[in-house]
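These are the residues of each chain, in order.
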Amino acid sequence: MQQNVWQSVLGELELTIPKPSFDTFLKDTEILSQTHDEITIGVRNVFIRNTVEKRYHEQIKQLLVKNGLTAPKITYVQKPSQGKKTVINRETTTPLNRTPISSSAVDDLLSSPSSAPTVHTNTLNPRYTFSNFIVGSSNDLAYSACQAVAANPGVKYNPLFLYGGVGLGKTHLMQAVGNEIAKTQPDSRILYISTETFVQDFLDSIRFKKKGFSTKYRNVDVLIIDDMQFISGKEKTQEEFFHTFNALHQNNKQIIISSDKPPKSIPTLTERLRSRFEWGMAIDIQLPDYEMRCAIVEAKASLSGVQLDNPTIEYLATNIKTNVRELEGALNQLLAYAEMRGVAPDASIAEGLIGSARQSRPQHVTPKQVIDKTARYFSLDSTEICSAKRDKHIVFPRQIAMYLLRSELHLSFPKIAQELGRKDHTTAIHSVEKIEKASKLDTILREQLSEIRERLYT
Ligand code: ADP
Ligand code: MG
């Protein structure tokens, strides 16, 4: 009975909340219990719980009442996962079972004749730390999860799976975890490795009958393995990694994995490995929004001892939207050029440098593409967005499309109205203003906008 009520609450929420947010935060929720004074709603994990509590509580409360379910208190808890083993919900506080690294083990590892990386903290790049990582709405979940893992490795999110496009800070963040643990627990054995190296090392161990492969990977306290998408199609390596994973996980050793896509989208990943990747926490890093790009430019310049003026910062942040690595590259280019010429870096120099680079990279986005991609993002057809329909689930994406036509293509309001099949352009003005205002307050909306932008430019 209460589940029926919940289904109708969800049904109503679905009408007002954009689909990607609904799918992420609400779809998998359920009522776990109900008494006179408390309704308990189960959600998938702590981050989702925080968001649901913060953003949707009022709506949920009202809809429950509307559907005849009342209680003075509504609480949100993490659901026990359906898997055999529940990692996120595990109420364990067992510290990592850490044995001091023995010198023979070190020798063994160091003298390994393979091309494998040396096992120890020195596989980490000390440049990647939490303190020089800039946090914004596109990466704050990933950042918090990484901090939680660094504070308590092996306890909470295991594995921690970070995914997202290139140059968005995955390697930086996961190495920051390693560097932090190395600092606070100097005797822990931390191995950072790329998946490609793991694959190569495994193949070598078979081909040259080298011993010590499994001990090398299983005798660590923290395994950080980067770019897991490269394990795709490599069946034997997947099998080996499966056993490595289990051995570490069973001993509460922390595993951190990155990939350019979520576990479910890595092609030809065996089912059992995929399900293990989903045991812990999978979080994406998105494209930084404009404000964050400004923050990144400013912070990186000042790390190089240069104070940039606002127009210069804004020029870079406006013109480089692809990823942090490119933004950093453009900034470095600007700083190097200015230093070489003995002048102060400014917007016009940046324009000279970047403008010419941009011309060689065609980046023509048409109004039709903006409308199509926005529609597709919300699982709609572009004809629906351009129709006269006033349903909420269409109006919102339509407003977003108008906003993006303005912010990305700088179209005039009458032109925006025309692209969306409207005669009157006041709706366009109103929509753009509305989304502009809302995006200042609503991080989820900002994430959605940056996801659509990402799809536009890739
Ligand atoms: P990925 O592994 O996702 O491809 P990287 O971690 O290699 O990306 O990041 C690319 C570059 O951008 C690195 O130099 C990294 O330090 C920098 N970077 C990415 N995100 C941030 C951030 N939020 N703050 C500071 N630097 C960042
Ligand atoms: Mg990387």
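Details of the structure are given in the entry above.
These lines cover the structure that appears in this document, whether it is placed above or below. Remember, it's a predicted structure, so these values are computed and weren't measured experimentally.

### Describing the overall build of the chain
- Of regular secondary structure, the chain possesses 20 helices and eight strands.
- Buried residues in the chain amount to 49% of all 458 residues.
- A sequence separation of at least 24 residues applies to 74% of the contacts in the chain between residues at least 6 apart.

### Brief notes about the site of ligand 1
- In the vicinity of ligand 1, 18 residues are found, and the nearest of them are Gly167, Thr171, His172, Lys300 and Glu328.
- Ile134 places a main-chain nitrogen or oxygen 2.8 Å from a nitrogen atom of ligand 1.
- In this structure, an oxygen atom belonging to ligand 1 sits 2.8 Å away from a side-chain N or O atom of Arg325.
- In isolation ligand 1 has 550 Å² of accessible area, and contact with the protein removes 95% of it.

### Regarding the packing of aromatic side chains
- Within the structure shown, the criterion is met by 15 aromatic pairs.
- Ring geometry for Phe213 versus Tyr217: centroids 4.9 Å apart, planes at 50 degrees, classification tilted. You can see Phe213 and its partner Tyr217 sitting in helix α8 (residues 213-218), four residues apart, about one turn around the helix.
- Phe213 gets classed as buried once you look at its relative accessible area, which sits at 7%.
- Among the residues examined, Tyr217 registers a relative accessible area of 0% and is labelled buried.

### A look at the pairing of strand β5 (residues 190-194)
- Among the five residues in β5, five count as buried, and that is most of the element.
- Where burial is concerned, the two faces of β5 agree: the one with Ile190, Tyr192 and Ser194 and the one with Leu191 and Ile193 are both buried.
- Pairing analysis gives five bridges linking β5 to strand β6 (residues 222-226), with the strands arranged parallel. Of the residues in β6, the one forming a bridge with Ile193 is Ile225.

### Quick look at the sheet that holds β6
- Strand order in this open sheet of five strands is β5-β6-β7-β4-β8, and the pairing throughout is parallel. Each of the sheet's edge strands pairs with one partner strand only, and the pair in question is β5 and β8 (281-284). Across the sheet, the axes of successive neighbouring strands diverge by a mean angle of 15 degrees, strand direction being ignored.
- Of the pairings in the sheet, the one linking β6 to strand β7 (residues 254-259) comprises four bridges and is parallel in character. Each bridged residue has a counterpart across the sheet, and for Ile225 the counterpart in β7 is Ile257.

### A look at the pattern of salt bridges
- Scanning all chains against the criterion turns up 17 salt bridges.
- In this structure, Asp260 engages Lys261 in a salt bridge whose closest nitrogen and oxygen atoms are separated by 2.9 Å.
- Exposure remark for Asp260: the relative accessible area of 31% places this residue in the partly exposed category.
- Put simply, Glu408 and Arg453 hold a salt bridge, and the shortest N to O gap is 2.5 Å. Of this pair, Glu408 sits in helix α17 (residues 392-409) while Arg453 is found in helix α20 (residues 443-457), placing the two residues 45 residues apart along the sequence.

### Notes on the environment of Gln448
- Within the secondary structure layout, Gln448 lies in helix α20.
- A relative accessible area of 3% means that Gln448 is categorised as buried.
- The spatial distance from the C-alpha of Gln448 to the C-alpha of Tyr377 is 8.8 Å, given a sequence separation of 71 residues.

### As for the nonpolar core
- Core analysis: the largest hydrophobic core is formed by 27 residues, its most contacted members being Phe130, Leu160, Leu173, Val177, Ile224 and Ile256.
- Of all the elements in the fold, those that place two or more residues in this core are α5 (140-151), β4 (160-163), α6 (170-184), β5, β6 and β8.
- Among the elements that make up this core, the one with the highest residue count is α5 (six residues).
- The next biggest cluster of nonpolar side chains, apart from the first, holds 26 residues, and it includes Tyr377, Leu380, Ile385 and Ile400.

### Some remarks on unusual backbone geometry
- Each neighbour pair has its own omega, and for Asn158 with Pro159 the value is 0 degrees, a cis peptide bond.
- Mapping Pro159 onto the fold places it in the loop between α5 and β4.
- The phi dihedral of Asn252 falls on the positive side, at around 55 degrees, and the residue is not glycine.
- By the element assignment, Asn252 lies in the loop between α9 (235-250) and β7.
- Looking at Asn252, the relative accessible area reads 18%, which means it is buried.

### Quick look at the environment of Gly169
- Looking at the secondary structure, you find Gly169 in the loop between β4 and α6.
- We classify Gly169 as buried; its relative accessible area is 18%.
- Along the primary structure Gly169 and Gln286 are separated by 117 residues, whereas in three dimensions their C-alpha atoms are 9.5 Å apart.
- Setting aside anything within four residues of it in sequence, one finds Gly169 in contact with Phe133 and Ile285.

### Things to note about empty space enclosed by the protein
- For the structure on display, the rule yields one cavity of 30 Å³ or more.
- Here the largest cavity defines a volume of roughly 40 Å³.
- For the largest cavity, the full set of lining residues is Asp23, Thr24, Phe25, Lys27, Asp28, Thr29, Val43, Arg44 and Ile48.
- Considered class by class, the residues forming the lining of the largest cavity number three nonpolar, two polar and four charged.

### Section: the packing of helix α15 (residues 367-377) against α17
- Contact pair α15 / α17: the axes reach a minimum separation of 9 Å and the direction vectors enclose 145 degrees. When you trace α15 past α17, the crossing you get is right-handed. Taking contact as the criterion, the partners of Pro367, Val370, Ile371 and Thr374 in α15 are, on α17, Pro397, Ile400, Ala401, Leu404, Leu405 and Leu409.
- Class assignment of the residues belonging to the contact of α15 with α17 gives a composition of nine nonpolar, one polar and no charged.

### A word on the sheet that holds strand β3 (residues 73-78)
- Within the open sheet, the three strands sit side by side as β1-β2-β3. Their pairing is mixed. Because the sheet does not close on itself, it has two edges, and the strands there are β1 (30-34) and β3. On average, each strand axis in the sheet is inclined to that of its neighbour by 30 degrees, with strand direction left out of account.
- Helix α1 (residues 2-16) rests against β1 and β2 (38-43) of the sheet, and its axis sits at about 140 degrees to β1.

Criteria and thresholds
Here the residue index of a chain counts from 1 through its sequence in written order. Just so you know, chain letters begin at A and ligand numbers begin at 1, following the order they were written in. The model is predicted, so local features are restricted to residues of pLDDT at least 70 and side-chain atom pairs to those at 80 or more, both for listing and for counting; the totals for chains, interfaces and linings are taken over all residues. For side-chain calculations, the full set of non-hydrogen atoms in the structure is used, while hydrogens and water are omitted. Each helix corresponds to a stretch of at least 4 residues labelled H or I by DSSP, and each strand to a stretch of at least 2 residues labelled E; elements are numbered beginning at the N terminus. For the exposure calls, accessible area comes from a 1.4 Å probe over protein chains only, and a residue counts as buried if that area is under 20% of its type's maximum, exposed if over 50%, partly exposed in between. Between two residues, a contact is recorded if the distance between any of their heavy atoms is within 4.5 Å. Whether a residue is near a molecule or strand is decided by its heavy atoms; if any one of them lies within 4 Å of it, the residue is near. Between N or O atoms, a polar contact is any pair within 3.5 Å; within protein, one atom must be a potential hydrogen donor and the other a potential acceptor, and residues adjacent in sequence are included only when both atoms are from side chains. Only the protein chains shown count as covering a residue, and every accessible area follows the Shrake-Rupley method with a 1.4 Å probe. Side-chain rings of Phe, Tyr and Trp, where Trp is taken by its six-membered ring, are said to pair if the distance between their centres is within 6.5 Å; with planes under 30 degrees apart they count as stacked, over 60 as edge-to-face, and otherwise as tilted. A pair of strands is considered paired only if DSSP assigns at least 2 bridges between the two. The angle between two axes is taken between their N-to-C directions and runs from 0 to 180 degrees, where each axis is a line fitted to C-alpha atoms and a helix contributes only its stretch in contact. Salt bridges, as used here, are contacts in which a Lys or Arg side-chain nitrogen is within 4 Å of a carboxyl oxygen on Asp or Glu. The nonpolar core is taken to be a set of buried Ala, Val, Leu, Ile, Met, Phe, Trp, Tyr and Cys residues, with the residues joined through side-chain atoms within 4.5 Å. Only protein atoms enter the 1 Å grid used here, on which a cavity is any set of points holding a 1.4 Å probe that cannot leave and a pocket is any open set flanked by protein within 12 Å on both sides along at least five of seven lines; residues with an atom within 4 Å of a point are listed as lining. Grid points are joined across faces, edges and corners, and a volume is the space filled by probe spheres set on the points. Three classes are used: nonpolar for Ala, Val, Leu, Ile, Met, Phe, Trp, Tyr, Cys and Pro, charged for Asp, Glu, Lys and Arg, and polar for all others, with Gly counted as polar. Take the far helix as your reference; a near helix turned counterclockwise from it by less than a right angle gives a left-handed crossing, and one turned clockwise gives a right-handed crossing.

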